[in-house]
Amino acid sequence: MTITPTEAVATSGTDVTHTVDLTFADGTKTVAVPAGSTVLEAAEAAGVRLVSQCTVGTCGTCVGKVVRGDLQMPRDRVFSLRQDEIRDGQRLLCQSVACADSEVELDYPASMLDDYPLVAATAKVGAITWLGESVVELVLKLPKSVRFAFRAGQYVRMQVPGTEEWRSYSMASGERDRKKLTFTIRVLPSGAMSDYLRNGAMVGDKIEIEGPSGAFGLVEESGPTLMIAGGTGLAPMLSMLENLQTAREDTPIRLVFGCTREADLFHLDELRARQSFMRTLDVRVVSDEPTSIDGVLTGNPVSVLTADDVRDPRTAAYLCGPPAMLAAAHDRLVELGLPAERIHAEQFLPS
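Computed from a prediction, not measured in an experiment: that's the story for all the values here. (Residues numbered from 1 in each chain as written. Predicted model: local features only at pLDDT ≥ 70, side-chain atom pairs only at ≥ 80, totals over all residues. Heavy atoms only, no water.)

1. Notes on the packing of aromatic side chains
Then comes step 1: Counted by the stated rule, this structure contains four aromatic pairs.
Then comes step 2: With a centroid separation of 6.0 Å and 45° between ring planes, the pair formed by Phe-148 and Phe-150 is classed as tilted.
Then comes step 3: A residue is classified by how much of its surface remains accessible, and Phe-150, at 1% relative accessible area, is buried.
Then comes step 4: Aromatic pair Phe-216 and Tyr-318: ring centres 6.2 Å apart, planes at 70°, arrangement edge-to-face. Of the two residues, Phe-216 sits in the loop between strand E13 (206–213) and strand E14 (225–230) while Tyr-318 sits in strand E18 (residues 316–321), which places them 102 residues apart along the sequence.
Then comes step 5: Between the NZ or CZ atom of Lys-29 and the centre of the ring of Phe-24, over which it lies, the distance is 6.0 Å. (Phe/Tyr/Trp six-rings, centres within 6.5 Å; stacked < 30°, edge-to-face > 60°. Buried < 20%, exposed > 50% of the residue type's maximum accessible area, 1.4 Å probe, protein only. Helix = DSSP H or I, 4+ residues; strand = E, 2+ residues; numbered from the N terminus. Lys NZ or Arg CZ within 6 Å of the ring centre and 35° of its normal.)

2. Describing the UniProt feature "domain: FAD-binding FR-type" (unreviewed entry) in the protein chain
Then comes step 1: Per the UniProt record, the feature "domain: FAD-binding FR-type" (unreviewed entry) sits at residues 118–219.
Then comes step 2: With 8% helix and 43% strand, residues 118–219 has end C-alpha atoms that lie 21 Å from one another. (UniProt positions renumbered as here; feature names shortened; annotations may be inferred.)

3. Some points on the domain arrangement of the protein chain
Then comes step 1: Along its sequence, the protein chain is carved into domain 1 (18–112), domain 2 (116–213) and domain 3 (225–347).
Then comes step 2: Placing a centre on the C-alpha atoms of domain 1 and another on those of domain 2 gives a separation of 29 Å.
Then comes step 3: With five residues of domain 1 at the contact, the number on the domain 2 side is eight residues.
Then comes step 4: Carbon and sulfur atoms make up 42% of the surface buried where domain 1 meets domain 2, a total of about 570 Å² over both sides.
Then comes step 5: By the criterion of area lost to domain 2, the three top residues of domain 1 are Arg-49, Gln-53 and Met-112, representing 83% of everything that side buries.
Then comes step 6: For the pair domain 1 and domain 2, the number of links is zero salt bridges.
Then comes step 7: Taken together, the connections running from domain 1 to domain 2 amount to four residue pairs in polar contact (both at pLDDT 80 or more).
Then comes step 8: Its residues assigned to classes, the side of domain 1 that touches domain 2 shows one nonpolar, three polar and one charged. (Domains from an automatic or database assignment. Contact = heavy atoms within 4.5 Å. Buried area = accessible area lost by both parts, 1.4 Å probe. Salt bridge = Lys/Arg side-chain N within 4 Å of Asp/Glu carboxyl O. Polar contact = N/O pair within 3.5 Å; in protein donor to acceptor, adjacent residues only side chain to side chain. Nonpolar A, V, L, I, M, F, W, Y, C, P; charged D, E, K, R; others polar.)

Spelled out as structure tokens, the structure:
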């Protein structure tokens with residue numbers, strides 16, 4: 001196996017076409033990658049759908065692990081992968097070219113993309129609710145004629161009304177809610193979606209959506225589940241909790257949820273309610289700043305993690321939040337003894 005860091009030149013120096021075996025969780029598909037094409041481009045040309053989003057190397061969605069051969073990304077670029085991940089063979093397929101016949105492992109089944117086909121539709125705003133000073137719950141209603149299915153943990157792209165801008169948000173609603181999708185969106189001081197929600201959003205507005213996308217979601221494991229969410233990274237966790245409510249009644253579930261300030265915390269009543277009817281669910285809420293809310297710890301989602309959280313070697317961890325939190329949580333979990341392959345992450349970027 002030849003694995004080299006991103007400093008290497010991202011071209012093979014020839015016009016040779018290389019084959020890349022894409023090994024999904026449920027089988028392998030082989031694509032021919034011509035010189036000058038990325039693996040993602042070649043896969044799309046061959047009709048092989050891969051999980052992807054930004055196509056420019058910033059979101060980290062299209063990551064795969066090279067287990068044979070040589071894929072290279074451009075030099076002098078900053079990507080969403082850490083250097084230790086790159087050394088371990090991880091590559092962003094939207095930026096990688098093939099310098100040899102190669103094999104890439106993907107941590108999701110190809111059938112997932114078949115089971116949840118991409119749909120474009122016009123949705124209507126059904127409700128807009130401010131959950132806190134900086135968080136809005138947006139409910140979109142889909143037309144009855146639209147068949148839309150998704151896996152808990154996935155997201156959709158939506159076009160900000162009155163603009164050409166598109167933003168991506170994870171569903172907070174469960175898989176059964178196929179005609180009414182719920183999102184929790186952080187409202188920033190500026191930003192296309194933030195400006196719309198703050199200044200002009202109205203019930204009845206039409207919003208173009210496209211999805212579902214993404215591979216984040218529960219894996220088929222029987223061990224404890226550890227969820228770590230920063231801010232509106234709570235959204236996909238809420239969606240996945242609906243599945244866990246019925247699918248894994250006897251296994252421990254721990255959710256660590258944190259925000260910077262008390263004013264940013266939201267859905268605390270809902271989390272308490274879920275604890276009341278999910279007997280294996282334990283919720284730990286934290287705030288960077290001290291709060292007056294009973295039961296809320298001072299700290300951040302990473303600082304309150306302990307060895308007890310990953311004591312069971314079968315524990316699967318799910319992370320969603322800002323990139324810095326994901327990196328810190330990943331490192332902390334590994335430090336505590338959780339194997340990196342049992343850590344599943346989804347990052348979001350300000351919009």
